[in-house]
Amino acid sequence: MTDQPSLRAYLQLYARGGIPREEMLATVAAWDFEEDDWDPEHTEPTHQDNTFKVLSGAALLGDITDDDYDEIHRRRRLRSV
């Protein structure tokens, strides 16, 4: 794990209204995501905070909308071009 801030916590703060949508989109689109690791000791995906699985989980839990999720991916694709 890195010393990077927690994406999970950031998205939960957004879901509670603590961050404006445009700020969240720009920040998460530029986020330095970690590679997923698989650890048999962790059956729940809570031991990593900065992966695409966390982003997908936030969409499934309703912390971000499907439109938010799609926009983040669109912006990430634009950055890589």
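Note: the structure precedes this text.
The present account deals with the structure reproduced in this document. Please read all numbers here as calculations on a predicted model, not as lab measurements. (Residues numbered from 1 in each chain as written. Predicted model: local features only at pLDDT ≥ 70, side-chain atom pairs only at ≥ 80, totals over all residues. Heavy atoms only, no water.)

**Describing helix α2 (residues 21-29)**
Residues spaced three or four apart along an α-helix point in a common direction, a consequence of the helix completing one turn every 3.6 residues. Within α2, the full set of buried residues consists of M24, L25, V28 and A29. Considered in projection along α2, the buried side chains sweep an arc of 115° and stay on one side of the axis. If you follow the buried residues of α2, they end up packed against α1 (7-15), α3 (52-61) and α4 (66-80). (Buried < 20%, exposed > 50% of the residue type's maximum accessible area, 1.4 Å probe, protein only. Helix = DSSP H or I, 4+ residues; strand = E, 2+ residues; numbered from the N terminus. Arc of directions from axis to C-beta. Contact = heavy atoms within 4.5 Å.)

**Points about the packing of α1 against α2**
One can describe the packing of α1 onto α2 by two numbers: an axis separation of 11 Å at closest approach and a directional angle of 165°. The orientation of α1 with respect to α2, classified from their angle, is roughly antiparallel. Between α1 and α2 lies a crossing whose hand is left-handed. Packed against α1, whose contacting residues are L7, Y10, L11 and Y14, the element α2 presents R21, E23, M24, T27 and V28 at the interface. Among the residues forming the contact of α1 with α2, the class breakdown is six nonpolar, one polar and two charged. (Axes fitted to C-alpha atoms, helices over the stretch in contact; angles between N-to-C directions. Parallel < 35°, antiparallel > 145°, perpendicular 65-115°, else oblique. Left-handed = near helix turned anticlockwise from the far one by under 90°. Nonpolar A, V, L, I, M, F, W, Y, C, P; charged D, E, K, R; others polar.)

**Here we look at α1**
All of the buried residues along α1 are L7, Y10, L11 and Y14. For α1, the angular spread of buried residues about the axis comes to 95°, placing them on one side. Considering only its buried residues, α1 is in contact with α2, α3 and α4. At the N-terminal end of α1, a side-chain oxygen is found 3.4 Å from the backbone nitrogen of R8, two or three residues along, and the residue is S6. Phi turns positive, to about 90°, at G17, one or two residues after α1. (Polar contact = N/O pair within 3.5 Å; in protein donor to acceptor, adjacent residues only side chain to side chain.)

**A look at the side chain of N50**
For N50, the position within the fold is in the loop between α2 and α3. Side-chain polar atoms of N50 contact the backbone oxygen of P5, separated by 3.3 Å. Among the polar contacts made by the side chain of N50, one reaches the main-chain amide nitrogen of L7 at a distance of 2.9 Å.

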